[in-house]
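Topology and contacts: notes
The residues making up each chain are set out below.
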Amino acid sequence: MTLLLLALFAAFSAPCHLCLVQPDNMAFDAAGNVYLLDTNQASQSRILKLSPDGTVLADWRGFKSAVGIALDPEGDVYVTDGGRAQILELSRHGKLLRAFGHLAGGFQGPAHLAVDRHGDVYLSVAERNLIEKFSPDGTLIASWHRHKGSGRDQWNQPQTISVTPDGSLTLDDWGNDRVETLSLAGKTLLIFRAIGRPASKLGNSSGTCVGPNGVVYAADYDHGLVQEFDAHSRRLRTIGNIGGGKLFQTLPGPYSLAVDGHNDLYSADGHTVVKYSPAGRLLARWN
């Protein structure tokens with residue numbers, strides 16, 4: 001089995017035109033290359049490595065329902081493989097280095113990843129209201145579980161997770177339509193209640209990310225918006241389908257966000273990947 005996995009991940013295609021099935025989560029390396037999960041989960045999951053201008057550099061396959069992706073400070077790539085209920089660590093060239101974090105009974109839904117500056121890996125398992133923390137060598141060092149609910153110390157299917165510049169964590173509490181900032185001990189520090197339509201509610205919190213400057217972005221799937229907040233949960237602006245300017249190709253959307261080292265924002269809506277400047281100006285769209 002190990003030899004088969006190594007063969008699957010060692011091979012990647014020559015550069016080709018970008019043709020997306022269902023673009024989902026993204027991560028960036030220090031050179032600005034994009035690692036994009038392109039998956040319909042039922043039959044195909046792959047990682048596309050793209051240059052900053054969208055040229056396909058590599059196409060890695062052999063996953064079984066990949067959902068989460070993150071990079072460590074050395075440039076190694078981590079991806080959750082739902083079919084194996086494990087985290088896979090790949091080199092920047094796509095070689096399988098190891099698999100760890102096997103969860104008995106499987107992920108049972110979305111499982112997302114983040115890696116901090118020390119190389120510790122955080123796994124968010126939505127259906128179990130669970131976050132697990134692993135050391136750089138793959139050893140489980142912490143596990144945080146909360147009862148289902150809407151209270152301050154409860155979660156309802158936590159999904160995307162990000163590491164902030166100060167070392168804390170930002171979590172999309174999907175079932176509660178809110179975003180939380182957590183300490184590295186798993187304690188809630190702040191709760192973001194985004195302003196969408198209606199004014200007091202984020203329509204459907206479908207993804208979060210944090211930029212190098214500490215700005216927090218929350219995707220509002222129902223209204224095709226991205227809400228932007230400072231590190232203290234103050235709302236800064238709204239980006240997306242507002243004022244008659246339809247920046248997303250389809251509605252609803254988006255449901256996945258990422259920010260590169262220049263604070264440019266990327267959004268995937270299941271059909272396209274859209275790139276914005278830090279000021280919210282549309283820079284590119286990849287189909």
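Everything in this summary refers to the structure shown in the same document. Small disclaimer: the values here were computed from a predicted structure and weren't measured.

To continue, consider the pairing of strand 18 (residues 216-220). Extensive coverage of strand 18 is indicated by the burial of 5 of its 5 residues. Side-chain alternation along strand 18 places Val 216, Ala 218 and Asp 220 on one buried face and Tyr 217 and Ala 219 on a second face that is also buried. Where strand 18 and strand 19 (residues 225-229) come together, 5 bridges link them in antiparallel fashion. Considered in strand 19, the bridge of Ala 218 is made with Gln 227.

So, on to the side chain of Ser 168. Along the chain, Ser 168 turns up in the loop between strand 13 (158-163) and strand 14 (169-173). A polar contact is formed between the side chain of Ser 168 and the side chain of Thr 164, at a distance of 2.7 Å. Within the structure, the side chain of Ser 168 is placed 2.7 Å from the side chain of Asp 166, a separation counted as a polar contact. Apart from the residues within four sequence positions on either side, Ser 168 is in contact with Ser 162, Val 163, Thr 181, Leu 182, Leu 184 and Leu 189.

The next thing to look at is the packing of aromatic side chains. Scanning the entire structure with this criterion turns up 5 aromatic pairs. Judged by centre distance (6.3 Å) and plane angle (80°), the ring pair of Tyr 78 and Phe 100 falls under edge-to-face. One end of the pair, Tyr 78, is in strand 6 (residues 77-81); the other, Phe 100, is in strand 8 (residues 96-100), with 22 residues separating them in the sequence. Take Tyr 78: its relative accessible area is 2%, and that puts it in the buried class. Among the residues examined, Phe 100 registers a relative accessible area of 8% and is labelled buried. Through a chain of ring-to-ring contacts, three or more aromatic side chains come together here, namely Tyr 78, Phe 100 and Phe 134.

A word on the sheet that holds strand 14. Taking strand neighbours across the sheet as the criterion, the 4 strands line up as 13-14-15-16 in an open arrangement whose pairing is antiparallel. The sheet terminates laterally at strand 13 and strand 16 (188-192), the two strands that pair on one side only. Shown here is a sheet whose adjacent strand axes are inclined to one another by a mean of 20°, direction ignored. In the sheet, strand 13 pairs with strand 14 via 4 bridges, with the strands oriented antiparallel. Each bridged residue has a counterpart across the sheet, and for Pro 158 the counterpart in strand 14 is Asp 173.

Overall, antiparallel pairing links the 4 strands, which are arranged 21-22-23-24 in an open sheet. Both outer strands of the open sheet, strand 21 (256-259) and strand 24 (282-286), are each paired with one neighbouring strand and no more. The mean angle between the axes of side-by-side strands here comes to 20°, regardless of whether they run parallel or antiparallel. Of the strand pairs in this sheet, strand 23 (residues 273-276) and strand 24 are connected by 4 bridges, and their pairing is antiparallel. Each bridged residue has a counterpart across the sheet, and for Val 274 the counterpart in strand 24 is Arg 285.

Analysis parameters
Residue positions are counted from 1 within each chain, in the order its sequence is given. Given that this is a predicted model, residues contribute local features only at a pLDDT of at least 70 and side-chain atom pairs are listed and counted only at 80 or more, while totals for whole chains, interfaces and linings are drawn from all residues. With hydrogens and water set aside, each side-chain value is computed from the structure's full complement of heavy atoms. For each residue, the accessible area found with a 1.4 Å probe, counting protein chains only, is set against the maximum for its type, and the residue is called buried under 20%, exposed over 50%, and partly exposed in between. In this description a helix means any DSSP run of H or I spanning at least four residues, a strand means any run of E spanning at least two, and both kinds are numbered starting from the N terminus. In this analysis, strands are considered paired if DSSP registers two or more bridges between them. For this analysis, a polar contact is any N or O atom pair within 3.5 Å, provided that within protein one partner can donate a hydrogen and the other can accept it, and provided that sequence-adjacent residues contribute only side-chain to side-chain pairs. Contacts were defined at the residue level, with two residues in contact if any of their heavy atoms lie within 4.5 Å. Here the aromatic set is Phe, Tyr and Trp, taking the six-membered ring for Trp, and pairing holds for ring centres within 6.5 Å; pairs whose planes are under 30 degrees apart are stacked, those over 60 apart are edge-to-face, and all others are tilted. Throughout, an axis means a line fitted to C-alpha atoms (over the contacting stretch in the case of helices), and angles, computed between N-to-C directions, take values from 0 to 180 degrees.

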